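# Secondary and tertiary structure notes
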Amino acid sequence: MLSPDWHLKYQKYYDEFVPPLQVVGAPYRLEEANNFYNGGAVDVSDTFASALWGLDYLYWWAAHGSQGVNFHNGDEVAAGQELRPCRYASFTSAPDGYFAHPLAYGIKLFNLGSRGQVVSSSLTPDDSAKDLNLVGYAVLGADKNLYVTLINKEHGTNARNAE
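Because the structure is a prediction, the values reported are computed rather than measured.

### A look at helix α2 (residues 48–63)
Taking 1.5 Å as the rise per residue, α2 with 16 residues should run 22 Å; its terminal C-alpha atoms sit 23 Å apart, in good agreement. Of all 16 residues in α2, 13 are buried; the element is thus mostly enclosed. Downstream of α2 by one or two residues, Gly-65 has phi in the positive range, about 85°.

### With respect to the sheet that holds strand β8 (residues 134–140)
Strand pairs in the sheet, formed through backbone hydrogen bonds, run parallel or antiparallel to each other. Pairing is antiparallel across the open sheet formed by 3 strands, whose spatial order is β7-β8-β9. Both outer strands of the open sheet, β7 (117–119) and β9 (146–152), are each paired with one neighbouring strand and no more. Each strand of the sheet is rotated relative to its neighbour by a mean of 30°, with strand direction disregarded. Inspection of the sheet shows β7 paired to β8 by 3 bridges, in the antiparallel sense. Among the inter-strand pairings, Val-118 is bridged to a residue of β8, identified as Val-139.

### Some points on helix α3 (residues 102–113)
End to end, α3 covers 17 Å across 12 residues, agreeing with the expected 16 Å (1.5 Å per residue, within 8%). Within α3 the residues assigned to the buried category are Pro-102, Leu-103, Ala-104, Gly-106, Phe-110 and Gly-113.

### Some details on the side chain of His-7
Within the fold, His-7 resides in helix α1 (residues 5–23). His-7 sits in the buried class, given a relative accessible area of 18%. Apart from residues no more than four positions distant in its own chain, His-7 is found in contact with Asp-56, Trp-60, Val-135, Tyr-137 and Lys-153.

### Overview of the confidence of the model for the protein chain
On average, residues of the protein chain carry a pLDDT of 94, and 100% of them reach 70 or more. No element of the protein chain has a lower mean pLDDT than strand β3 (residues 76–79), which averages 90, and none a higher one than α2, which averages 97.

### Overview of the nonpolar core
In this structure, Tyr-10, Trp-53, Tyr-57, Trp-61, Val-69 and Phe-71 are the most contacted members of the largest nonpolar core, which totals 26 residues. When contributions to this core are tallied by element, the ones reaching two or more residues are α1, β1 (30–33), α2, β2 (69–71), α3 and β8. Looking at which element gives the most residues to this core, the answer is α2, with 9 residues. Leave out the neighbours within four places in its chain, and Trp-61 touches Tyr-10, Tyr-13, Tyr-14, Phe-17, Tyr-28, Leu-30, Ser-66 and Val-69.

How each quantity is defined
Residues numbered from 1 in each chain as written. Predicted model: local features only at pLDDT ≥ 70, side-chain atom pairs only at ≥ 80, totals over all residues. Heavy atoms only, no water. Helix = DSSP H or I, 4+ residues; strand = E, 2+ residues; numbered from the N terminus. Expected span 1.5 Å × (residues − 1). Buried < 20%, exposed > 50% of the residue type's maximum accessible area, 1.4 Å probe, protein only. Pairing = 2+ DSSP bridges. Axes fitted to C-alpha atoms, helices over the stretch in contact; angles between N-to-C directions. Contact = heavy atoms within 4.5 Å. pLDDT = per-residue confidence, 0-100. Core = buried A, V, L, I, M, F, W, Y, C linked by side-chain atoms within 4.5 Å.

In structure tokens, the structure reads:
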């Protein structure tokens, strides 16, 4: 989920369906988005990594002209002939209302940092950080301030901090 290779998957999907829409000037929105199938990956789709994935996914598609993303939600999802818990949901039912899963926090962070127009941006790391798994997005707010979101997607035992 945090691999830079996922951006290549997004680009391939984008290249398959967006150009014909652009020719006719039709906007697009993604629906039933999720990070894995059959309800999600155990101990992956329901962890902090999914918050980072969701935040990056929302920004990537916003930067590529999407009008929005609908995440697939529900307490359970169909996985073949059975129902499974929905591990990639942003919210599930709880006795006193709803339970916020990690993805909900990624969505909230996007909501806080994305109000305005996505503008082109790039990161230029020094030589020691060229392979750092770091992405950045910039938004020009209505107040003419530039809002920058940096997402450090380093993970595992060799994960590094970004400075």
